[in-house]
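# Coordinate analysis (summary)
Okay, here's what each chain looks like letter by letter:
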Amino acid sequence: MNSKKVNLAFLVSVIIYVGGVFAISAFCPYILENVVLNNLICESMMVLPGFVVFLFSEKEKAEFLSFHRIKTGTLLAVIPFTLFSMPLISLANLLSQFFTTNRVIEAMETTDMGQIAFLPLLFSTGIFAPFCEELLCRGIYYRGYRKSGSAFQAMLLSALLFALIHMNVNQAIYAFLMGVLAVLLVEASGSLWASVFYHVLINSSQVFLMRIMMTANPDIYSDSATQLTNETLAMAAGSFLIIATIMAPFAWMILVWMSKNENRRGVLMEILEKRKEKKEKMISVPLVLAVLFCIIMIIYTEIVG
């Protein structure tokens, strides 16, 4: 599997996903009202084309995806890495809200999340979705691009695809950053399990936080949406900028420790030092078409809401 196959798989994934969403809206609107079922179907539609191409392209499947064994200490180190990197992601989320809507809060306003069974929601949002997205973006896409170019180029391209599949500006901005961090985790640890665990921690913590907050105040998301102004956003962004500046170096130190613990010393610096290395053309017509299609859908989402 190389960049050409990745680009084609991404184009097919986007077409199937968008077509599926419109089909569901037109013929099965009750699925949209079921957050758990909707999550499971949408994630499956996105990952299936890439996974099918991958199955017919690679002989050593586990090796290609980097589902390698990981030391317990390395896996546990993902927990503090998540804590120290989250302020960066939160900052990106806050900055995006100066010119676009927070899609998560918007979804909370329009969906009675408090009535959804907790465990199915945790599984679909906190476990199933992260596994599918990591399998696709840090497994199939990143490794495919890695065969055609440097780790740096593959990191940026796979992060871009991860951002675009969210189909809105708000989530795309912090998803791109998260995609870069997830690749650094994979490279430092030598295993896709590290980024899967990272993604699960982020999504699951948000599900837990949402349930706790809605239990205390069922209208908390409606209230926060009405109270959110540019002034409060600026204050929050300023606070998270300070916190992120302090915590980001600790996140990097954890990555360095992981690489040493897994006998992968120097791998993180190699990503920057060999960033111009290219074996073959990585951008092709299917990728350009897919990106344009995603941009059109993002604009549509921003206009229609």
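We now turn to the structure provided with this report. Treat the numbers as computed from the prediction; the structure is a model and nothing was measured.

This part is about the overall build of the protein chain. What the protein chain contains, in helices and strands, is 14 helices and zero strands. Along its sequence from the N terminus, the protein chain presents helices and strands in the succession α-α-α-α-α-α-α-α-α-α-α-α-α-α. Taken over the C-alpha trace, the protein chain has a radius of gyration of 19 Å; the compact-globule value for 305 residues is 19 Å, and the two agree within 12%. Along the first, second and third principal axes, the C-alpha atoms of the protein chain reach 50 × 45 × 35 Å. Within the span of the protein chain, comprising 305 residues, buried residues form 48% of the whole. Taking contacts inside the protein chain between residues at least 6 apart in sequence as the whole, the part at least 24 apart equals 84%. Of the accessible surface of the protein chain, which amounts to about 14900 Å², a share of 69% is contributed by carbon and sulfur atoms. Of the charged side chains in the protein chain, 21 are positive and 20 negative; the average position of the first set lies 15 Å away from that of the second.

Another aspect to go through is the layout of surface pockets. Taken as a whole, the second largest pocket encloses approximately 190 Å³ of empty space. Along the walls of the second largest pocket sit 14 residues, with Arg146, Ala151, Glu187, Val267 and Glu270 positioned nearest its centre. The set of elements that each furnish at least two residues to the lining of the second largest pocket consists of helix H7 (118-148) and helix H13 (267-273). With three residues, the single largest contributor to the lining of the second largest pocket is H13.

Evaluated as defined, the whole model comprises ten aromatic pairs. Pairing Phe10 with Tyr141 gives two aromatic rings, centres 5.8 Å apart and planes at 90°, and the pair type is edge-to-face. Of this pair, Phe10 sits in helix H1 (residues 3-27) while Tyr141 sits in helix H7; the two residues are 131 residues apart in sequence, bridging distant segments of the chain. Tyr141 matches Phe10 in its accessibility class, with the two residues each being buried. Counting every residue linked through ring pairs, the aromatic cluster contains Phe67, Phe131 and Trp193. Sitting above the plane of the Phe162 ring, Arg138 keeps its charged end 4.2 Å from the centroid.

Calculation criteria
Residues numbered from 1 in each chain as written. Predicted model: local features only at pLDDT ≥ 70, side-chain atom pairs only at ≥ 80, totals over all residues. Heavy atoms only, no water. Helix = DSSP H or I, 4+ residues; strand = E, 2+ residues; numbered from the N terminus. Rg over C-alpha atoms; globule rule 2.2 N^0.38 Å. Buried < 20%, exposed > 50% of the residue type's maximum accessible area, 1.4 Å probe, protein only. Contact = heavy atoms within 4.5 Å. Areas by Shrake-Rupley, 256 points an atom, 1.4 Å probe, with all protein chains shown as cover. Lys, Arg positive; Asp, Glu negative; His and termini not counted. Charge placed at Lys NZ, Arg CZ, Asp CG, Glu CD. 1 Å grid on protein atoms, 1.4 Å probe; cavity = no way out; pocket = protein on both sides within 12 Å on 5 of 7 lines; lining within 4 Å. Points joined across faces, edges and corners; volume = space filled by probe spheres on them. Phe/Tyr/Trp six-rings, centres within 6.5 Å; stacked < 30°, edge-to-face > 60°. Lys NZ or Arg CZ within 6 Å of the ring centre and 35° of its normal.

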